[in-house]
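Coordinate inspection notes
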Amino acid sequence: MSLSAALDALPARYPGPGGAVAVLRDGVVLEQRSWGWADRDKRLPFTAQTLFPVCSITKQFTCALLLDQVGDPARLDAALAAALPLLPEPPGVRDLCHNQSGLRDYWALAMLCGADVDGVFGPADAARLFRGTRSLQFAPGTRYSYSNGNFRLLSDLIEQHIGRPFAELLRQRVLDIAGMPTAQIAPDTAALPGGAVGYEGNVEFGFIAAVNRIHWTGDAGLVASLNDMIAWERYIDRTRNDPASLYHRLTRPVTFRDGNPAAYGFGLRRLSHGGMPGAGHGGGLRGWRSERLYLPEPRLSVVVLFNHLFNAQAAATDLVHAALGLSPPPSPSTPGSPIPSGMFREPETGLLTHLTPAGDQRIRLDFARTEWLDLLPGKAQGQSATITPTADGVWLDRPGDNLHSRLVPVKGEAVRDIEGRFHAAELDATLVIEAVGGVLYGVFEGWLGQGTMHALLSDGTDHWRLPCPRALDYAAPGDWTLWVQRDEMGAVARVQVGCWLARQVNFERT
């Protein structure tokens, strides 16, 4: 499919109220399109000038400002330790930049504290979660786990170190230099500039205006137009051969403490298309999806902005393939080995891991996110994970997380003696489990409010799931894993709660 044809197909393939995309080669725009409505009710068209919350794409800009204004991230390590006063061995600032800090995502933790999905989450709420941190998910630098709070802390530390507002510094030191005149930090998601509206829903259900009331800064607060993002891509291409340029420094190789290569660093995801390496990032908030990437070898950039929840990353991949004439990878030609299906627990994270046959030589893996793996001889392999059955068990490999572990089978019938109240002291939050009409329900309560009751799903002895399909952020926890742990007499002592964004939170029975 030609690039023009791929662009023509986007509005129908990823249907929603509006969108804008651009494809650049050698720093020149090959094609750009805008369609639909920034606000359907007001009939405000979506154009290349429409201001758009690019959300987590902000993270690379925050890291660029850090490198520009501070240089060595370690210079702020002492200030970071002061911001996490109850944490015995805090991470370093470099760990924040690479999502290797071990800190749990603060918007996911907010749901454990009873946050309303449409509620207000402000700076004081974020500060309280950071100040109360007493434990990490893993030793800093040893694993990867996405955490928005890492980058909120970064922007706070930069502002504190320089003594000037983060938004002002970013404007002068990055946005103006890149030629992005209308881009700006907009901290309040309930009052975004420009008048564009983000929409939840789909064609079958219909689209409704998304309600967001969270406050953010260096983690996701940048608002920019398509023209601004085109300027950023041109700046990247223009400075591609300068080792001192900001983007060149942002995309240098990153490793874990053990020397293994990391797939994420300085607010950018390392990626590959057709064997050609590159870097990019997506963004999401309820009602908004975005993606940008740059492949230096062909000097190709792609930007996708949707004011709805269809997959902007998939759309960007479509455009890369069309621009470079790439074909999707072929399906396996050799029948793959059977992979044991069923429910497992990944022992390090405590998260439930579900393997389900998906037909056509594929298997579905539900762990951090849902992924479809191709069945190959001796293993099942996908973009981010590999499942390998061996004589001593089933192994999960996630190189991007630096995780290699043998899965623990979860079998049997769940025992229903888990009603009660369970308290997490670190969060000052409570898990309530009660039966109504013979059905077990769970809810989280805390200083942010009383959450929504959801029916628990049984997955085997002492393993349950508590659904959380909507949250403050676009990336909702999904299903919380509830791992019931018992004392020597067999009585329920605690429930360990976790999701892919926030793991190993212990709720003790009260």
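Below you will find a few notes about this structure. Predicted model, so just to flag it, every value in this text is computed and none were measured.

Some remarks on the overall build of the protein
Looking only at helices and strands, one finds 11 helices and 32 strands in the protein. Taken over C-alpha atoms, the radius of gyration comes to 23 Å for the protein, in line with the 24 Å a tight globule of 510 residues would show. Along the first, second and third principal axes, the C-alpha atoms of the protein reach 70 × 60 × 50 Å. By the burial criterion, 54% of the 510 residues in the protein qualify as buried. Of all intrachain contacts in the protein linking residues separated by at least 6 positions in sequence, the fraction that spans at least 24 positions is 60%. Per element, the accessible surface of the protein, about 20400 Å² overall, is 52% carbon and sulfur. Between the averaged position of the 47 positive side-chain charges in the protein and that of its 53 negative side-chain charges there is a distance of 3 Å.

Quick word on the packing of aromatic side chains
Two aromatic rings, taken as a pair, are described by how far apart their centres are and by the angle between their planes. What the rule picks out here adds up to 16 aromatic pairs. Relative to tyrosine 264, the ring of tyrosine 146 lies with its centre 6.2 Å away and its plane at 85 degrees, an arrangement referred to as edge-to-face. Placement of the pair is tyrosine 146 in the loop between α6 (123–131) and α7 (148–162) and tyrosine 264 in strand β9 (residues 264–265), with a sequence separation of 118 residues. Each member of the pair tyrosine 146 and tyrosine 264 is classed as buried. Seen in terms of ring centroids, phenylalanine 444 and tryptophan 480 are 5.9 Å apart; in terms of plane orientation they differ by 70 degrees. Their pairing is edge-to-face. Within this pair, whereas phenylalanine 444 is found in strand β25 (residues 439–446), its partner tryptophan 480 is found in strand β30 (residues 478–486), the two being separated by 36 residues in sequence. Taken as a pair, phenylalanine 444 and tryptophan 480 share a single burial class, namely buried. Taken together through their ring pairs, the aromatic side chains of Phe61, Trp232, Tyr235, Tyr247 and Tyr294 make up a single cluster. One residue, arginine 345, lies across the ring of tryptophan 483, its end atom 3.8 Å from the ring centre.

Quick notes on the side chain of serine 290
With respect to the secondary-structure elements, serine 290 resides in strand β12 (residues 288–295). Here the side chain of serine 290 touches valine 54 through a polar contact of 3.3 Å, landing on its backbone oxygen. Apart from residues no more than four positions distant in its own chain, serine 290 is found in contact with Phe52, Val54, Ile57, Gly282, Gly283, Val304, Leu305 and Ala312.

Quick notes on the packing of helix α2 (residues 58–69) against helix α8 (residues 166–178)
α8 packs onto α2 with a crossing angle of 80 degrees between their chain directions and a minimal axis gap of 10 Å. Classified by the angle their axes make, α2 and α8 are roughly perpendicular. Facing Phe61, Thr62, Ala64, Leu65, Asp68 and Gln69 of α2, the residues of α8 in contact are Phe166, Leu169, Leu170, Arg173, Val174 and Leu175.

Overview of unusual backbone geometry
One non-glycine residue, aspartate 26, lies in the positive phi region at around 55 degrees. Residue position: aspartate 26 is located in the loop between β1 (18–25) and β2 (28–39). Here aspartate 26 falls in the partly exposed class, since its relative accessible area comes to 42%. Backbone geometry places asparagine 402, a non-glycine residue, at a positive phi of 60 degrees. Looking at where asparagine 402 falls in the secondary structure, it is placed in the loop between β20 (393–398) and β21 (403–406).

Let's talk about α6
Along α6, the positions that sit buried rather than exposed are Asp125, Ala126, Leu129 and Phe130. One side of α6 holds all its buried residues, which, seen down the axis, span an arc of 135 degrees. Lining the buried residues of α6 we find α3 (77–83), α5 (106–112) and α7.

Details of the sheet that holds strand β8 (residues 222–224)
The 3 strands lie next to each other as β4-β8-β5, forming an open sheet whose pairing is antiparallel. In this open sheet, the two edge strands, each paired with only one partner strand, are β4 (52–53) and β5 (184–185). In terms of strand pairing, β4 meets β8 through 2 bridges, oriented antiparallel. Bridging across to β8, proline 53 finds its partner in valine 223.

Here we look at the pairing of strand β17 (residues 370–376)
Side chains Glu371, Leu373 and Leu375 of β17 all project onto a buried face; the interleaved residues Thr370, Trp372, Asp374 and Leu376 project onto a face where none is buried. Across 5 bridges, the pairing between strand β16 (residues 362–366) and β17 is antiparallel. Considered in β17, the bridge of aspartate 366 is made with threonine 370. Joining the antiparallel neighbours β16 and β17 is a turn of 3 residues. Pairing between β17 and strand β18 (residues 379–381): 3 bridges, direction antiparallel. Looking at the pairing, leucine 376 lines up with lysine 379 of β18. What sits between the antiparallel neighbours β17 and β18 is a turn of 2 residues, in which glycine 378 has the positive phi angle 85 degrees.

Describing the environment of threonine 430
Tracing the chain through its elements places threonine 430 in strand β24 (residues 429–436). With 14 residues separating them in the primary sequence, threonine 430 and phenylalanine 444 have C-alpha atoms 5.7 Å apart. Of note is the side chain of threonine 430, whose polar atom sits 3.3 Å from the side chain of histidine 423.

As for the sheet that holds β21
Strands sit in the order β21-β20-β19-β18-β17-β16-β15-β14-β22 across an open sheet of 9 strands; the sheet is antiparallel. If you trace the sheet from one side to the other, it starts and ends with β21 and β22 (408–409), each paired once.

Details of the environment of alanine 124
Counting through the fold element by element, alanine 124 comes out in helix α6. Taking the C-alpha atoms as reference, alanine 124 lies 9.9 Å from histidine 215; in sequence the two are 91 residues apart.

Some words on the pairing of strand β19 (residues 386–390)
Bridge count between β18 and β19: 2 bridges; the pairing is antiparallel. When the sheet's bridge partners are listed, glutamine 381 is paired in β19 with threonine 386. Connecting β18 to the antiparallel partner β19 that follows it, the hairpin turn spans 4 residues. By the bridge criterion, 5 bridges tie β19 to β20 in an arrangement that is antiparallel.

Conventions and cut-offs
Residues numbered from 1 in each chain as written. Predicted model: local features only at pLDDT ≥ 70, side-chain atom pairs only at ≥ 80, totals over all residues. Heavy atoms only, no water. Helix = DSSP H or I, 4+ residues; strand = E, 2+ residues; numbered from the N terminus. Rg over C-alpha atoms; globule rule 2.2 N^0.38 Å. Buried < 20%, exposed > 50% of the residue type's maximum accessible area, 1.4 Å probe, protein only. Contact = heavy atoms within 4.5 Å. Areas by Shrake-Rupley, 256 points an atom, 1.4 Å probe, with all protein chains shown as cover. Lys, Arg positive; Asp, Glu negative; His and termini not counted. Charge placed at Lys NZ, Arg CZ, Asp CG, Glu CD. Phe/Tyr/Trp six-rings, centres within 6.5 Å; stacked < 30°, edge-to-face > 60°. Lys NZ or Arg CZ within 6 Å of the ring centre and 35° of its normal. Polar contact = N/O pair within 3.5 Å; in protein donor to acceptor, adjacent residues only side chain to side chain. Axes fitted to C-alpha atoms, helices over the stretch in contact; angles between N-to-C directions. Parallel < 35°, antiparallel > 145°, perpendicular 65-115°, else oblique. Arc of directions from axis to C-beta. Pairing = 2+ DSSP bridges.

Distances and angles like these do not, on their own, reveal function.
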